Structures are given as structure tokens and as C-alpha cells.
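Residue-level structure breakdown
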Amino acid sequence: MARVKIVHLSDIHVSRQYFSDELGEKVIRQVNQMEPSCVVLSGDLTDDGYYPEYVEAKSYIDRIEAENKVIVPGNHDSRNAGDKLFDELFSTRYPVCTLDDVKIVGVDSSEPDLDDGHIGRIAYPFIKENLSGEDFKILVLHHHLIPVPDTGRERNIPVDAGDVLKLISELRVDLVLCGHKHVPWLWVLNGIVFLYAGTATTLRIKAHIEQSYNYIELEPGRELTIYRVSSATGQKKLVYKIQL
Ligand SMILES: [Fe+2]
Ligand SMILES: [Fe+2]
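The text that follows walks through the structure, step by step, so that each part is easy to find. Predicted, not measured: the structure shown is a model, and the values here were computed from it. (Residues numbered from 1 in each chain as written. Chains lettered and ligands numbered in written order. Predicted model: local features only at pLDDT ≥ 70, side-chain atom pairs only at ≥ 80, totals over all residues. Heavy atoms only, no water.)

Side note on the overall build of the chain
Assigned secondary structure in the chain consists of 5 helices and 12 strands. Over its C-alpha atoms the chain spans a radius of gyration of 16 Å, differing by no more than 12% from the 18 Å that the globule rule assigns to 244 residues. Taking the principal axes of its C-alpha atoms as reference, the chain extends roughly 45 × 40 × 35 Å. Relative to its 244 residues, the chain shows a buried fraction of 57%. Of the contacts made within the chain by residues no fewer than 6 positions apart, 68% connect residues no fewer than 24 positions apart. When the accessible surface of the chain is summed, it comes to about 10600 Å², and 48% of that surface belongs to carbon and sulfur atoms. (Helix = DSSP H or I, 4+ residues; strand = E, 2+ residues; numbered from the N terminus. Rg over C-alpha atoms; globule rule 2.2 N^0.38 Å. Buried < 20%, exposed > 50% of the residue type's maximum accessible area, 1.4 Å probe, protein only. Contact = heavy atoms within 4.5 Å. Areas by Shrake-Rupley, 256 points an atom, 1.4 Å probe, with all protein chains shown as cover.)

Now the structure itself:
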């Protein structure tokens with residue numbers, strides 16, 4: 001495995017009301033300096049799924065320099081028929097990216113106008129087909145499959161989370177990247193690392209949890225290292241390291 005660098009952004013919420021231009025510019029500068037192999041954006045690109053927000057979100061994302069981008073919609077993007085705009089601007093809600101022996105697969109866990117997550121049985125064969133090999137396997141979706149602490153009372157967890165957890169355990173997926181709660185967190189369950197990104201750029205934060213994103217390195221010999229990066233300062237903090 002060659003060294004693979006992945007930036008995991010989430011919940012940028014491009015809108016007039018909550019998007020921080022200052023943080024947005026900092027994040028673009030920081031990410032472009034990292035020269036990532038792939039940038040993952042796990043949903044909530046917009047605030048309400050309206051066309052002008054989508055156009056602004058697209059031009060923001062276009063300024064991020066990475067050969068590969070894996071982008072899935074969040075519940076906010078699927079409001080007001082925004083799911084149709086997502087297809088128009090980002091071509092697919094089920095992206096697949098292969099980098100050497102790393103496979104990254106995205107699924108749409110949103111439903112039009114609902115905040116609850118739902119992957120849906122129709123997507124299971126797609127997940128199976130694309131994450132059955134011997135690669136280092138990464139699944140990307142917007143909603144959290146396991147509850148996240150410090151986020152109030154539980155809601156919006158995918159209604160089929162149990163079945164999806166069983167499926168990805170059977171497939172021996174290595175890493176799951178999510179967002180939605182705007183709180184960074186990490187769980188390990190059945191050998192799978194579940195990594196949640198906070199919001200990178202929006203003022204929609206919980207209490208004093210600052211804006212951040214994840215930086216992931218995969219080294220030859222299957223060493224996985226995860227850092228949390230502060231959007232305001234660009235400082236990286238080691239979160240997790242494991243030899244897989
Ligand atoms: Fe969000
Ligand atoms: Fe969300």
C-alpha cells in the first residue's frame with residue numbers, strides 16, 4: 001500500500017446565515033497544503049438544499065485541490081427537493097473511489113425532507129459489491145450509525161442502523177466516515193473504526209466544540225493514523241493510531 005492521505009470534511013453548511021467565510025478560507029488553504037489523495041465530504045454541504053446554496057457549495061468545493069473527491073448528501077441537502085440538485089451538480093449520491101488498495105464507497109443516507117437517516121435495503125447489494133475485496137475498505141455516509149455523546153438526546157440515527165452495522169461487520173469494513181452531529185468522535189466496534197467529523201466551517205456548533213475536520217493517513221503495512229485538525233488554527237491533534 002502506498003501512503004494515502006485523506007481529508008475528511010463534513011457539514012460545511014454553505015449558506016448566508018451560518019457559513020463562516022473566515023474559517024472557509026482557512027480550511028481551503030490548510031487542505032490544499034496537505035495535498036491529499038482524496039477529500040471526503042460527508043454531507044450537509046448546504047443549509048436548506050436551495051439552488052443558490054448548492055451553486056456556492058459547488059464553487060467552494062471546486063477550490064479544494066484533490067484528484068479524488070467522495071461527496072455524499074446530508075439531510076440538509078435533501079430538503080426542498082435538493083436531492084435532485086445534488087444529482088445535477090455532483091453526478092452521483094453513491095460515489096466509489098479506488099486509490100491503490102484503498103476503496104472508498106459513499107452512500108446516501110438522507111431522505112427528501114426528513115432528518116432521519118435511512119440507508120435502505122436497496123443500497124445493501126451496492127455496498128456488498130464494492131466492499132467485498134481485500135482492500136482497505138472505507139464507507140462514507142452522512143448519518144451516525146452509533147450515537148455520539150454530548151449531542152443531546154438521540155435522534156436521526158439511520159432507521160436501519162442495526163442491519164447496516166451487521167452488513168459492514170460481515171464485510172470487515174475498516175473505517176466508516178460520518179458527520180451530521182457536528183461533534184467529532186471515534187468509536188471502535190467489531191474491529192471497525194467509526195470516525196465522526198465535526199463541522200469544518202459553520203457556526204452551527206454544539207456548546208463550545210470548535211470547528212474541525214479529520215486528516216487520515218494510511219501507510220504501507222496498513223498503519224492507520226487519524227488526526228483532528230482545528231479549522232481556526234490548522235493544528236493537528238493525534239486522535240487514534242493502529243496497525244491493522
Ligand atoms: Fe449538519
Ligand atoms: Fe445533518
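Examining the sheet that holds strand β11 (residues 223–230)
Reading across from one edge, β3-β2-β1-β10-β11-β12 is the order of the 6 strands in this open sheet, with mixed pairing throughout. Two strands lie at the open edges of the sheet, namely β3 (68–72) and β12 (236–243), each paired on one side alone. Here the average twist between neighbouring strands, direction ignored, is 15°. Pairing of β11 with β12 involves 7 bridges; the strand directions are antiparallel. Bridging from a neighbouring strand, E223 pairs with Q243 of β12. (Pairing = 2+ DSSP bridges. Axes fitted to C-alpha atoms, helices over the stretch in contact; angles between N-to-C directions.)

Some words on the coordination of the iron ion (ligand 1)
For the iron ion (ligand 1), every protein donor is listed as D11 (OD), H13 (NE2), D44 (OD) and H182 (NE2), and the spread of their distances is 2.0 to 2.2 Å. For the iron ion (ligand 1), the 4 donor atoms are set out with angles of 88 to 175° between them, so the coordination reads as irregular. Here the iron ion (ligand 1) and the iron ion (ligand 2) are spaced 3.4 Å apart, and both take D44 as a donor. Linking D44 in the loop between β2 (38–42) and α2 (51–62) with H182 in the loop between β7 (175–178) and β8 (185–189), this pair joins segments that are 138 residues apart in sequence. According to the relative accessible area criterion, D44 is buried, its value standing at 1%. Given a relative accessible area of 6%, H182 falls into the buried group. (Donors = N, O, S within 2.8 Å, 3.2 Å for Na, K, Ca; no water. Tetrahedral: all angles 85-135°; square planar, octahedral: opposite > 155°, others 65-115°.)

Here we look at the packing of aromatic side chains
Tallied over the entire structure, the rule returns 5 aromatic pairs. Residues F19 and Y60 carry aromatic rings whose centres are separated by 5.5 Å and whose planes lie at 80° to one another, so their mutual orientation is edge-to-face. One end of the pair, F19, is in the loop between β1 (4–9) and α1 (21–34); the other, Y60, is in helix α2, and 41 residues separate them in sequence. Owing to a relative accessible area of 14%, F19 belongs among the buried residues under this scheme. With centroids separated by 5.5 Å and ring planes inclined at 65°, the aromatic side chains of W185 and W187 adopt a geometry described as edge-to-face. The class for W187 is partly exposed, based on a relative accessible area of 32%. The ring of Y215 has K236 lying over it, and the distance from NZ or CZ to the ring centre is 5.0 Å. (Phe/Tyr/Trp six-rings, centres within 6.5 Å; stacked < 30°, edge-to-face > 60°. Lys NZ or Arg CZ within 6 Å of the ring centre and 35° of its normal.)

Observations concerning the coordination of the iron ion (ligand 2)
The coordination sphere of the iron ion (ligand 2), as far as protein atoms go, consists of D44 (OD), N75 (OD1), H142 (NE2) and H180 (ND1), spread over 2.1 to 2.2 Å. Classification of the site at the iron ion (ligand 2) rests on its 4 donor atoms, whose angles at the metal span 89 to 160°, yielding the label irregular. Each donor residue of the iron ion (ligand 2) belongs to the same chain, with the gaps between them written as D-x30-N-x66-H-x37-H.

Things to note about the pairing of strand β9 (residues 192–196)
Along β9, 5 of the 5 residues are buried, which leaves the element largely enclosed by surrounding structure. Going residue by residue along β9, you find I192, F194 and Y196 tucked away on one face and V193 and L195 tucked away on the opposite face as well. Pairing between β8 and β9: 5 bridges, direction antiparallel. Residue pairing for β9: W187 is matched across the bridge by F194. Here β8 folds back onto β9 in antiparallel fashion, the turn holding 2 residues, of which N190 has a positive phi close to 50°.

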